[in-house]
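Results of the structural survey
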Amino acid sequence: MQRSLGPGGVVSSDCDVNPTFCDFNLVYMKYCDGNSFSGALEGVIPVENENQHHRGHYILGAALEDLLANHGLADATEFHLTGCSAGGLSTFLHTDFVGDFVRGNAPNLEKYGSSPISGFFLDRENVVKEHIYGNEIKNIFGLSNATSGVHGGCVEASAPGEEWRCNMAANAYEHVENPIFPFDASIDSWQSGCIMTSTAVDTSVPADQVPNGNCGSVEGWGDCSGDLSKCDEDQIYAITEYQGSFMRHMSNSKAFNKNGNGAFIYECHTHCAAQDSNYYTQVKLTGPDGVSKTMQQATDDWWKSVLLDNGQNDVPAQKFTPQLYSLKDGSNPNESCNVGETGGAAPCYNGVDCFHAKRA
């Protein structure tokens, strides 16, 4: 499986790479609770003579209060929320929570928006019809008492007993009110291994040996899930079906089509590419206006369009969408994915969030 990429790209302080946000102050946060800043457990869970704390949502609130009290958040004029992988999921889940806090405490605020990176994890079965990832999310939702830690609008709209689905990006995304511009791969390298071809974990195996589950462990899929050039014809068909499923889940959301929003969904079999400076400045897609743009160019155009009152925004959603892999030979139709990897500014990947804020 291709490794997670970062840190650079949209969080780089190099203005040649990231002219949109390079001069913003940057706050880096680890979520620490096993559930993307969503845990709201009042007590502890004893595990092998140690206590587990699942209080990520309280950590997030406390961090915002500290930024307000000690780091000048009240003076912010622009605020950008991002994160990759579990941090990308967190960004979907908490864009409105963070936005409400910042709007309520930064009187000079002119812009607020978020860019979740590689966090739109699908709630679907693996290739042998086992619901592995969904069960994992359902379990951590209950374990961490996350009902009050995920999107309140989603919880309110859920049927009794189905609130756990609000721990899923697609269900939270549907309810996001603030400007949002996701970056993701239609066939993400983490999802191809850890959702599409993952199997259930044997509870006798130490958790630190399988931190993301049994990724890529469906029989016959080990090589293909990590390197699509090693997939056979039937596997490539399944890959393109996953791409189609990804785009249906995302494009069916009202947030995807809302004025002032947008998305950049590419074909590169990577994870967290928007935090790699080469991918961020070289991967291109054709936008709704027929013009080919890089992630960086698309981001800059989107941010310029963001309004504090996005309900008054008359700029159509700026959606950059992918093509399917070739059923003939499994090739990636987007040649701009063939770039190297670089580093950059700050480690906002592997399950953390970053806040950008500009002050007057």
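This is a predicted model, so every value here is computed, not measured. (Residues numbered from 1 in each chain as written. Predicted model: local features only at pLDDT ≥ 70, side-chain atom pairs only at ≥ 80, totals over all residues. Heavy atoms only, no water.)

Tracing the sequence through the fold places threonine 95 in helix α2 (residues 86–105). A distance of 2.5 Å separates a polar atom in the side chain of threonine 95 from the backbone oxygen of threonine 91. Setting aside chain neighbours within four positions, we find threonine 95 in contact with Leu81, Tyr112, Ser114, Val176, Asn178, Pro179 and Ile180. (Helix = DSSP H or I, 4+ residues; strand = E, 2+ residues; numbered from the N terminus. Polar contact = N/O pair within 3.5 Å; in protein donor to acceptor, adjacent residues only side chain to side chain. Contact = heavy atoms within 4.5 Å.)

On to the packing of helix α1 (residues 56–70) against α2, then. Between α1 and α2, whose axes approach to 11 Å, the crossing angle comes to 25°. It follows that α1 is roughly parallel to α2 by the angle criterion. The hand of the α1/α2 crossing is right-handed. The residues of α2 that touch α1, namely those facing His57, Leu60, Gly61, Leu64, Glu65 and Leu68, are His94, Phe97, Val98, Phe101 and Asn105. Considering only residue class, the contact of α1 with α2 consists of six nonpolar, four polar and one charged. (Axes fitted to C-alpha atoms, helices over the stretch in contact; angles between N-to-C directions. Parallel < 35°, antiparallel > 145°, perpendicular 65-115°, else oblique. Left-handed = near helix turned anticlockwise from the far one by under 90°. Nonpolar A, V, L, I, M, F, W, Y, C, P; charged D, E, K, R; others polar.)

With that settled, the discussion passes to the side chain of serine 225. The residue serine 225 is located in helix α7 (residues 222–226) in this model. By relative accessible area, serine 225 is classed as buried at 4%. In this structure the side chain of serine 225 is engaged in a polar contact, spanning 3.2 Å, whose partner is the backbone oxygen of glycine 222. (Buried < 20%, exposed > 50% of the residue type's maximum accessible area, 1.4 Å probe, protein only.)

Looking now at the pattern of salt bridges. Side-chain pairs of opposite charge can arise where the charged atoms are in close proximity. A complete count under the given rule lists nine salt bridges for this structure. In this structure, aspartate 123 and arginine 165 form a salt bridge, with 3.0 Å as the shortest nitrogen-oxygen distance. Here the residue aspartate 123 occupies a position in the loop between β5 (111–117) and α3 (132–143), and arginine 165 occupies one in the loop between α4 (152–157) and α5 (169–173), the gap between them amounting to 42 residues. The partner of glutamate 162 in a salt bridge is arginine 165, with the nearest N and O atoms 2.5 Å apart. For arginine 165, a relative accessible area of 30% gives the class partly exposed. Each of Asp123, Glu162 and Arg165 takes part in one network of salt bridges that share partners. (Salt bridge = Lys/Arg side-chain N within 4 Å of Asp/Glu carboxyl O.)

The final tally for this structure, using the stated rule, is six disulfides. Disulfide pairing is shown between cysteine 224 and cysteine 231; the S-S distance is 1.9 Å. Here cysteine 224 and cysteine 231 share a disulfide; its torsion about the S-S bond, 85°, makes the bridge right-handed. For cysteine 224, a relative accessible area of 1% translates into the label buried. (Disulfide = S-S within 2.5 Å.)

Next up on the list: the confidence of the model for the chain. For residues with low pLDDT, the predicted coordinates do not support detailed interpretation. Model confidence for the chain is summarised by a mean pLDDT of 90, while 90% of its residues fall at 70 or above. This stretch, residues 1–6, has a pLDDT under 50; its non-local contacts, to residues over four places away or in other chains, come to 27 contacts. Below a pLDDT of 50 lies the segment residues 342–352, which in the model reaches 47 contacts outside its immediate sequence neighbourhood of four places, other chains included. (pLDDT = per-residue confidence, 0-100.)

Two measures describe an aromatic ring pair: the distance that separates the ring centres and the angle between the ring planes. As enumerated under the stated definition, the model contains 16 aromatic pairs in all. Taking 4.9 Å as the distance between ring centres and 50° as the angle between the ring planes, the aromatic pair formed by phenylalanine 121 and tryptophan 190 counts as tilted. Of this pair, phenylalanine 121 sits in the loop between β5 and α3 while tryptophan 190 sits in helix α6 (residues 189–194), and the two are 69 residues apart along the sequence. Accessibility expressed as a relative area gives 12% for tryptophan 190, which makes it buried. Both rings, one in phenylalanine 181 and one in tryptophan 302, keep their centres 5.2 Å apart while their planes meet at 25°; by these two values the pair is stacked. Linking phenylalanine 181 in the loop between α5 and β6 (183–185) with tryptophan 302 in helix α11 (residues 295–305), this pair joins segments that are 121 residues apart in sequence. Taken as a pair, phenylalanine 181 and tryptophan 302 share a single burial class, namely buried. Aromatic ring contacts, followed pair by pair, group Phe21, Phe24, Phe181, Phe183, Tyr280, Trp302 and Trp303 into a single cluster. (Phe/Tyr/Trp six-rings, centres within 6.5 Å; stacked < 30°, edge-to-face > 60°.)

Another point: the nonpolar core. Phe120, Tyr133, Tyr173 and Met250 are the most contacted members of the largest nonpolar core, which has 44 residues in total. When residues of this core are traced back to their parent elements, those giving at least two are α2, α3, α4, α5, α6, α8 (233–251), α9 (254–257) and β7 (262–266). Here this core takes seven residues from α8, the largest share from any one element. Aside from chain neighbours lying at most four places away, what touches phenylalanine 120 is Phe92, Ala169, Ala170, Tyr173, Asp184, Gln191, Phe246, His249 and Met250. With 28 residues, the next largest nonpolar core counts Cys272, Ala273, Phe320 and Val339 among its residues. (Core = buried A, V, L, I, M, F, W, Y, C linked by side-chain atoms within 4.5 Å.)

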